[in-house]
Amino acid sequence: MTSNAFTLKKAILLTLMLLSFYIVICIRSSGDTLEQMTGVIEQCVILGGNTRDRLSHATIKVDSGSYLISSVSECRVGERINVFVKRGMLYFNSIYVAEKI
């Protein structure tokens, strides 16, 4: 019985060490720019109606032919825009950030 408890303690310790290592990697690489693209705003939509926190979302066609939707301040159809693909907090997810050129 004592050896089973000792094995369980070692397994829990190993799991905590691996989890700690993963957390350190996630925190250190969060926000790294993975890719930069340029594109054109094709459509603007205002979400939120008459509320104070109205958000302007743009449908952007990047030069590779892909489409994405992002929040853009003062959205204007036909305007060129930079799109940055950044690493998210969980390391494997991506965040798309749009900025005017």
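Everything quoted here is computed from the prediction, not taken from an experiment.

Reading the values: rules and limits
Residues numbered from 1 in each chain as written. Predicted model: local features only at pLDDT ≥ 70, side-chain atom pairs only at ≥ 80, totals over all residues. Heavy atoms only, no water. Helix = DSSP H or I, 4+ residues; strand = E, 2+ residues; numbered from the N terminus. Rg over C-alpha atoms; globule rule 2.2 N^0.38 Å. Contact = heavy atoms within 4.5 Å. Areas by Shrake-Rupley, 256 points an atom, 1.4 Å probe, with all protein chains shown as cover. Lys, Arg positive; Asp, Glu negative; His and termini not counted. Charge placed at Lys NZ, Arg CZ, Asp CG, Glu CD. Buried < 20%, exposed > 50% of the residue type's maximum accessible area, 1.4 Å probe, protein only. Pairing = 2+ DSSP bridges. Axes fitted to C-alpha atoms, helices over the stretch in contact; angles between N-to-C directions.

(A) Up close: the overall build of the protein chain. If you tally the helices and strands in the protein chain, you get 1 helix and 5 strands. Along the protein chain, from the amino end to the carboxyl end, the secondary structure elements read α-β-β-β-β-β. In terms of overall dimensions, the protein chain is more spread out than a globule: its C-alpha atoms have a radius of gyration of 22 Å, far above the 13 Å expected for 101 residues. Principal-axis analysis of the C-alpha atoms places the extent of the protein chain at approximately 70 × 35 × 20 Å. Residue pairs in contact within the protein chain that sit at least 24 positions apart in sequence constitute 47% of those at least 6 positions apart. Just so you have it, the protein chain exposes about 7,600 Å², and 60% of that area is on carbon and sulfur atoms. With 11 positive and 8 negative side-chain charges, the protein chain shows a separation of 11 Å between the mean positions of the two kinds.

(B) Expanded view of the pairing of strand 4 (residues 80-87). By the criterion of burial, strand 4 is predominantly enclosed, with 6 of the 8 residues buried. Relative to strand 4, strand 1 (residues 33-47) runs antiparallel, the two sharing 7 bridges. Of the residues in strand 4, the one forming a bridge with Val40 is Arg80. Here 7 bridges tie strand 4 to strand 5 (residues 94-100), and the two strands are oriented antiparallel to one another. Directly across from Ile81, in strand 5, lies its bridge partner Lys100. If you look at the hairpin formed by strand 4 and strand 5, you'll find 6 residues sitting between the two strands, and Tyr91 has a positive phi there, around 70°.

(C) Highlighting the sheet that holds strand 1. Spatially, 3-2-1-4-5 is the arrangement adopted by the 5 strands of the open sheet, whose pairing is antiparallel. Since the sheet does not close on itself, it has two edges, and those belong to strand 3 (67-71) and strand 5, each with one partner. On average, each strand axis in the sheet is inclined to that of its neighbour by 40°, with strand direction left out of account.

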